[in-house]
Every structure is written in C-alpha cells, then in structure tokens.
Amino acid sequence: MIESEWVNTDNFTINVSPPIRPVAVDIEASPELLKQQEVRSVNVKFYYNHGNGERMEQINVRADVANSTTASRVEFVLPDGKYDYEYEVTWRLSGNREVKSGRLKGSSSLLYVDELPK
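Procedures and definitions
- Residues numbered from 1 in each chain as written.
- Predicted model: local features only at pLDDT ≥ 70, side-chain atom pairs only at ≥ 80, totals over all residues.
- Heavy atoms only, no water.
- Helix = DSSP H or I, 4+ residues; strand = E, 2+ residues; numbered from the N terminus.
- Rg over C-alpha atoms; globule rule 2.2 N^0.38 Å.
- Buried < 20%, exposed > 50% of the residue type's maximum accessible area, 1.4 Å probe, protein only.
- Pairing = 2+ DSSP bridges.
- Phe/Tyr/Trp six-rings, centres within 6.5 Å; stacked < 30°, edge-to-face > 60°.
- Lys NZ or Arg CZ within 6 Å of the ring centre and 35° of its normal.

Engineer: Sorry if this is basic, but what is going on with the overall build of the protein here?
Structural biologist: A count of helical and extended segments in the protein gives one helix and eight strands. Ordering the α and β elements of the protein from the N terminus gives β-α-β-β-β-β-β-β-β. Computed over the C-alpha atoms, the radius of gyration of the protein is 19 Å, more than 25% above the 13 Å expected from 2.2 N^0.38 for a compact globule of 118 residues. Overall, the protein is about 65 × 25 × 20 Å in size when its C-alpha atoms are taken along their principal axes.

Here it is in structure tokens:
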C-alpha cells in the first residue's frame, strides 16, 4: 500500500495519478561472447518493490540466436522517481552446469549479460 499526505488546494478538481510508473530494462548479450564461454542460455530475475511487497519478474535469453546481438526486455513498475531494483543472473552452460551472479543491485535501463563472473 502506498500512502501520501493530503495537499491543500484552491482547485475545484481532485487530481489523481498513480504513485508508480512503468520501467523497462533491456537485456543484451553478444552471441559470440556467450559461445566462447560455452553459455547456452541466460536467465535474469528482477526483484523490485512498488510499495506492495517484493515482486519478481524473470526473462530468458537464448545464446543460439542468429542475430548479431541477443536482446530482450523486461518491464515492471516502481514508485514514481525511483529506478532501483535487484537482479540475479544465471548462466546455463554446456554439460548442464550453472554459474550464478548472486543478487546484485541495479538502476540502469540497460543490462549486459554476456560476461560470466571471474
């Protein structure tokens, strides 16, 4: 639940607008870099709170796309003027292996997922 203070005004109307705004994050990866690291797919989970408790959205990026750039977009809502979220990247490798980033903080509208952690 999101609450705000009452605002005094001399207007004869009540202006109502949602206290949340949609946010989009583009996820990009180079297929060549993913192939060099034996990555088959990438899963990205986004954790955010728009005032009603934590929510999660996830997206998968396949590494075998023929395009020169592998890209996806995820959309969620955040409080107006806030752009902070948390995310976790899981790379699925050949041989059914996984590498995880752990939960990280972010606020960018662009996230590159073609480099595994060292």
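Engineer: Even after reading the chapter, I still don't get the pairing of strand E5 (residues 85–93), so can you show me in this structure?
Structural biologist: Along any regular strand the residues' side chains alternate between the sheet's two faces. Within E5, seven of the nine residues are buried, leaving the element largely enclosed by the surrounding structure. Bridge count between strand E2 (residues 39–49) and E5: eight bridges; the pairing is antiparallel. Paired with Tyr47 across the two strands is Glu86, which belongs to E5. With three bridges connecting them, E5 and strand E7 (residues 104–106) associate as antiparallel partners.

Engineer: Just checking my understanding: could you explain the packing of aromatic side chains for this structure?
Structural biologist: For any pair of aromatic rings, geometry is given as the distance between the ring centres together with the angle between the planes. Evaluation of the coordinates by the stated rule reveals six aromatic pairs. Between Phe46 and Tyr85, the aromatic rings sit 5.5 Å apart at their centres with planes inclined by 65°, giving edge-to-face as the arrangement. Note that Phe46 is positioned in strand E2 and Tyr85 in strand E5, a separation of 39 residues in sequence. By relative accessible area, which is 5% here, Tyr85 ends up buried. With centroids separated by 6.2 Å and ring planes inclined at 55°, the aromatic side chains of Tyr85 and Tyr87 adopt a geometry described as tilted. Grouping aromatic residues by their ring pairs yields a cluster made of Phe46, Tyr48, Phe76, Tyr85 and Tyr87. The ring of Tyr47 has Arg103 lying over it, and the distance from NZ or CZ to the ring centre is 3.8 Å.

The values reported here are purely geometric and, on their own, carry no functional implication.
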